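Survey of secondary and tertiary structure
Residue-level listing of the chains:
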Amino acid sequence: MSPTVEGPAHTSSTAVPPPPVLAAYSYCEAVTGSQARNFAYGIRLLPTDKRQAMSALYAFSRRVDDIGDGTLEPAAKLARLEETRALLGRVRAGQVDEDDTDPVAVALAHAAGRFPIPLGGLDELIDGVLMDVRGETYETWDDLRTYCRCVAGAIGRLSLGVFGTVHTGGLGAADAERAGEYADTLGLALQLTNILRDVREDAANGRTYLPAEDLAKFGCADGFHSDRMAAGSDFAGLIHHEVRRARALFAEGYRLLPMLDRRSGACVAAMAGIYRRLLDRIEREPEAVLRGRVSLPTHEKAYVAVRGLSGLDARTISRQSNRRRA
């Protein structure tokens, strides 16, 4: 994986950006709102500067994902990904002007000047999408975890660069040092939930992410190309096995919440809470993922957001952590 490298020198995050930068952020927020409803729902809880920075991160990440998921030939995808990596290099080097014609680059460059965003995480995302383009499969959970760390754990660490950490509720510097680890783990939990939700869609695109050893163990090695599994397979058993793994990742990753300020914690709690509820639905009815994409109604997302904004999840995790230390 590529090394983590900090972006340009940081400026005040409270200063109002110049008009060309505001236009670039508006473009990124429009992309986020139209392409990632769950993500957009969470970042609405952030103050303006953090919301703008998260939108810039999403828009760049979406560009990378769209290359991997698009219809270009593999060789063309590889070339486009390397072009995108070169653009990231320009952002990192402070070579993107505010009047640049690429609004995503403008917004990302400004965000990297506002916050200590570890831009190397976007290199890792590109590395993960390269795995998709090359058609890699995963024999074990350790293999899949490497992929998930690239495409999702890195996003957690990038987001933490925007959120920052606070020392409250008995948490000290030693705890804060693990914040990146918890952010990474929470990203893995979200990605594994995505994989479970999208098994049918991914199969239609020629991709299987779940570990081969798990598929074999539960008689599902033939894949997920139909809404009915082969006779003798234990699809529900496979899903429940992976759900337990995802729940363990959520439990570990949620230890990040008490380390964040109230609105950043609310944002993370809202996004993670939506995915945890998706996981609950998948666990209750595993075969539903073979029929279509499982989603939550708007009113349920609103409830999760209110719960996150109240700080209830963060306080619960903090109490649990304090009990473990006692």
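The structure displayed is predicted, hence computed values, not measured ones. (Residues numbered from 1 in each chain as written. Predicted model: local features only at pLDDT ≥ 70, side-chain atom pairs only at ≥ 80, totals over all residues. Heavy atoms only, no water.)

**Concerning the confidence of the model for the protein**
Going by this rule: Think of pLDDT as the predictor's per-residue confidence, scored from 0 to 100. The secondary structure listing takes helices from DSSP runs of H or I that are at least 4 residues long and strands from runs of E that are at least 2 residues long, numbered from the N terminus.
Across the protein, the average pLDDT comes to 88, with 87% of residues at or above 70. Looking at the elements of the protein, mean pLDDT is at its lowest for helix H16 (residues 312-325), recorded as 55, and at its highest for helix H5 (residues 103-114), recorded as 98.

**A word on the pattern of salt bridges**
Operational definition: For salt bridges, the criterion is a side-chain nitrogen of Lys or Arg within 4 Å of an Asp or Glu carboxyl oxygen. The rule is simple: take the accessible area with a 1.4 Å probe, protein chains only, and divide by the maximum for that residue type; under 20% is buried, over 50% is exposed, in between is partly exposed.
Applying the stated rule across the entire model yields 27 salt bridges. A salt bridge links Arg92 to Asp123, with the shortest nitrogen-to-oxygen separation between them at 2.6 Å. Of this pair, Arg92 sits in helix H4 (residues 74-92) while Asp123 is found in helix H6 (residues 120-133), placing the two residues 31 residues apart along the sequence. Judged by its relative accessible area of 22%, Arg92 is partly exposed. The salt bridge partner of Arg247 is Glu283, with a shortest N-O separation of 2.7 Å. Taken together, the residues Arg247 in helix H12 (residues 235-253) and Glu283 in helix H13 (residues 262-284) connect sequence positions 36 residues apart.

**Things to note about the packing of H4 against H6**
As a reminder of what qualifies: Axis definition: a line fitted to C-alpha atoms, over the contacting stretch in the case of helices. Angles run 0 to 180 degrees between N-to-C directions. Just so you know how the angles are binned, under 35 degrees is roughly parallel, over 145 roughly antiparallel, 65 to 115 roughly perpendicular, and the rest oblique. Any two residues whose heavy atoms approach within 4.5 Å at even a single point are treated as in contact. Polar here means any residue outside two lists: the nonpolar Ala, Val, Leu, Ile, Met, Phe, Trp, Tyr, Cys and Pro, and the charged Asp, Glu, Lys and Arg; Gly therefore counts as polar.
One way to put it is that H4 packs onto H6 with a least axis distance of 10 Å and a crossing angle of 180 degrees. Our classification of the angle between H4 and H6 gives roughly antiparallel. Contact residues: H4 offers Pro74, Lys77, Leu78, Leu81, Glu82, Thr84, Arg85, Leu88 and Arg92, while H6 offers Gly120, Leu122, Asp123, Ile126, Asp127, Val129, Leu130 and Val133. Grouping the constituent residues of the contact of H4 with H6 by class yields nine nonpolar, two polar and six charged.

**Thoughts on the environment of Asp102**
By the secondary structure assignment, Asp102 is in the loop between H4 and H5. Residue classification places Asp102 among the buried residues on the basis of a relative accessible area of 16%. A C-alpha to C-alpha distance of 8.2 Å links Asp102 and Ala24, two positions 78 residues apart in sequence. Residues within four places of Asp102 in sequence aside, it is in contact with Arg63 and Leu87.

**A look at the nonpolar core**
Put simply, the rule reads: For the purposes of this section, nonpolar cores are sets of buried Ala, Val, Leu, Ile, Met, Phe, Trp, Tyr and Cys residues that join through side-chain atoms within 4.5 Å.
Formed by 99 residues in total, the largest nonpolar core has its most connected members in Leu122, Leu210 and Phe224. Element by element, the count of residues in this core is highest for helix H7 (residues 141-163), at eleven residues. Setting aside anything within four residues of it in sequence, one finds Phe224 in contact with Val199, Arg200, Ala203, Leu210, Leu215, Met229, Phe235, Leu238 and Leu290.

**Quick word on the packing of aromatic side chains**
Test applied: What counts as a ring pair is set by centres within 6.5 Å for rings of Phe, Tyr and Trp (its six-membered ring), and what kind of pair is set by the plane angle: stacked under 30 degrees, edge-to-face over 60, tilted for all other angles.
Inspection of every chain in the model, using the stated rule, returns five aromatic pairs. Centroid distance Phe224 to Phe235: 5.7 Å. Interplanar angle 65 degrees. Geometry classified as edge-to-face. Of this pair, Phe224 sits in the loop between helix H11 (212-217) and H12 while Phe235 sits in helix H12, placing them eleven residues apart in sequence. By the burial criterion, Phe224 is buried, and Phe235 matches it. The interplanar angle of 75 degrees and the centroid separation of 6.3 Å between the aromatic rings of Phe250 and Tyr254 together place this pair among those described as edge-to-face. Since its relative accessible area comes to 2%, Phe250 is described here as buried.

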